[in-house]
Amino acid sequence: MTTTDPETALAWWALALFAVYLTLWFVLRSVLHYRATGDTGFRGISGPVGSPRWWAGVLFVLALLTGVLGPVAALAGMEPIGVFNDPDVQAAAAVAAVVGIVLTVLAQLGMGSAWRIGVREGERTALVTVGWFAVVRNPIFSAMALTGAGLAFMVPNLVSIAGLALLLIALQLQVRIVEEPYLRAQHGPAYTSYEQSVGRFVPFLGRRRRTRA
């Protein structure tokens, strides 16, 4: 069975949205950050090779590459997974992708000069707890997960779903293994209190338990 015209159109739309997403989330944001601070904010993959910190960065890069390969595979004729091959699901996915892109950009803007991709040991940035960060501790990553899910289910083949799984694993590792320990070390009780009050990726869920005296 060959790819139908609607599936081809969705694949091209997914590629276009991914290009817009990458341009706004990384390229344009880095340029604007550099113009404002003299620093791109890009810290790259950290940690010894093979460590959880290293794997967090590597899996994130692989997720981005797979995000591109999913629509390409659809254009090459890879069949969508049957249970997800529904026009309503794909339409909702397209809306989710657009909403996710917008939320990613807004959350990045909310970080101001504290915005970074990755961490650098010893570097201290402001702890942002207002705006989107008063709702969840990691609104950028939450929005990225929404975007990734939207793009994956626009062309729900094995490659796209695998890319989404890689993205979700990478975000969990990045937050739990890399960023949270770093922020605890940098901000101490202020970050601990923040963890206890605000959910990790969605409101109220993933809050740090309060320890009894």
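Everything here concerns the structure above.
Residues numbered from 1 in each chain as written. Predicted model: local features only at pLDDT ≥ 70, side-chain atom pairs only at ≥ 80, totals over all residues. Heavy atoms only, no water.

**Regarding empty space enclosed by the protein**
Counted only if it meets this: In this analysis a 1.4 Å probe is tested at points of a 1 Å grid over the protein atoms alone, and where it fits but cannot get out there is a cavity; an open set with protein on both sides within 12 Å along at least five of seven lines is a pocket; lining residues have an atom within 4 Å of a point. Grid points are joined across faces, edges and corners, and a volume is the space filled by probe spheres set on the points. Only DSSP runs of H or I covering at least 4 residues are called helices, and only runs of E covering at least 2 are called strands; the numbering of each starts at the N terminus. Charged residues are taken to be Asp, Glu, Lys and Arg, nonpolar residues to be Ala, Val, Leu, Ile, Met, Phe, Trp, Tyr, Cys and Pro, and polar residues to be all remaining types, Gly included.
For the structure on display, the rule yields 2 cavities of 30 Å³ or more. In this model, the largest cavity occupies a volume close to 190 Å³. As for the largest cavity, its lining consists of 17 residues, of which F18, A63, G67, G148 and L167 are closest to the centre. Among the elements of the structure, α1 (5-37), α2 (52-75), α4 (139-154) and α5 (158-187) are those that each provide at least two residues to the lining of the largest cavity. Per-element tally for the lining of the largest cavity: the top contributor is α2, with 6 residues. Its residues assigned to classes, the lining of the largest cavity shows 11 nonpolar, 6 polar and no charged. Taken as a whole, the second largest cavity holds about 80 Å³ of empty space. Along the wall of the second largest cavity there are 12 residues; nearest its centre are E7, A74, P80, Q90 and V155.

**Thoughts on α5**
Going by this rule: To estimate how far a helix should reach, multiply one less than its number of residues by 1.5 Å. We call two N or O atoms a polar contact when they sit within 3.5 Å, provided that within protein one can donate a hydrogen and the other can accept it, with sequence-adjacent residues counted only if both atoms are side-chain atoms.
A rise of 1.5 Å per residue sets the reference length of α5, with its 30 residues, at 44 Å; its end C-alpha atoms lie 41 Å apart and thus fit the reference within 8%. At the N-terminal boundary of α5, the capping side chain belongs to N157, with an oxygen 3.1 Å from the backbone nitrogen of V159.

**Description of the environment of L171**
Inclusion rule: The contact definition used throughout considers only heavy atoms, calling two residues in contact when any of these lie within 4.5 Å.
Checked against the element boundaries, L171 lands in helix α5. Taking the C-alpha atoms as reference points, L171 and I117, 54 residues apart in sequence, are found 12 Å from one another. In this view, L171 contacts F60, F141, A145 and F201; residues no more than four positions away in its chain are not counted.

**Observations regarding the environment of A92**
Positionally, A92 belongs in helix α3 (residues 87-111). Residues A92 and G150 lie 58 residues apart in sequence; the distance between their C-alpha atoms is 7.7 Å.

**Concerning the packing of aromatic side chains**
Formally: Pairing of aromatic rings covers Phe, Tyr and Trp, the last through its six-membered ring, and needs centres within 6.5 Å; plane angles under 30 degrees mean stacked, over 60 mean edge-to-face, and all others mean tilted. Relative accessibility thresholds used throughout: buried, under 20% of the residue-type maximum; exposed, over 50%; partly exposed, between the two (1.4 Å probe, protein chains only).
Applying the stated criterion across every chain, the model contains 8 aromatic pairs. The interplanar angle of 65° and the centroid separation of 5.8 Å between the aromatic rings of W25 and F60 together place this pair among those described as edge-to-face. Within this pair, whereas W25 is found in helix α1, its partner F60 is found in helix α2, the two being separated by 35 residues in sequence. Looking at W25, the relative accessible area reads 6%, which means it is buried. Geometrically, the ring pair formed by F84 and F153 is edge-to-face, given 4.9 Å between the ring centres and 75° between the ring planes.

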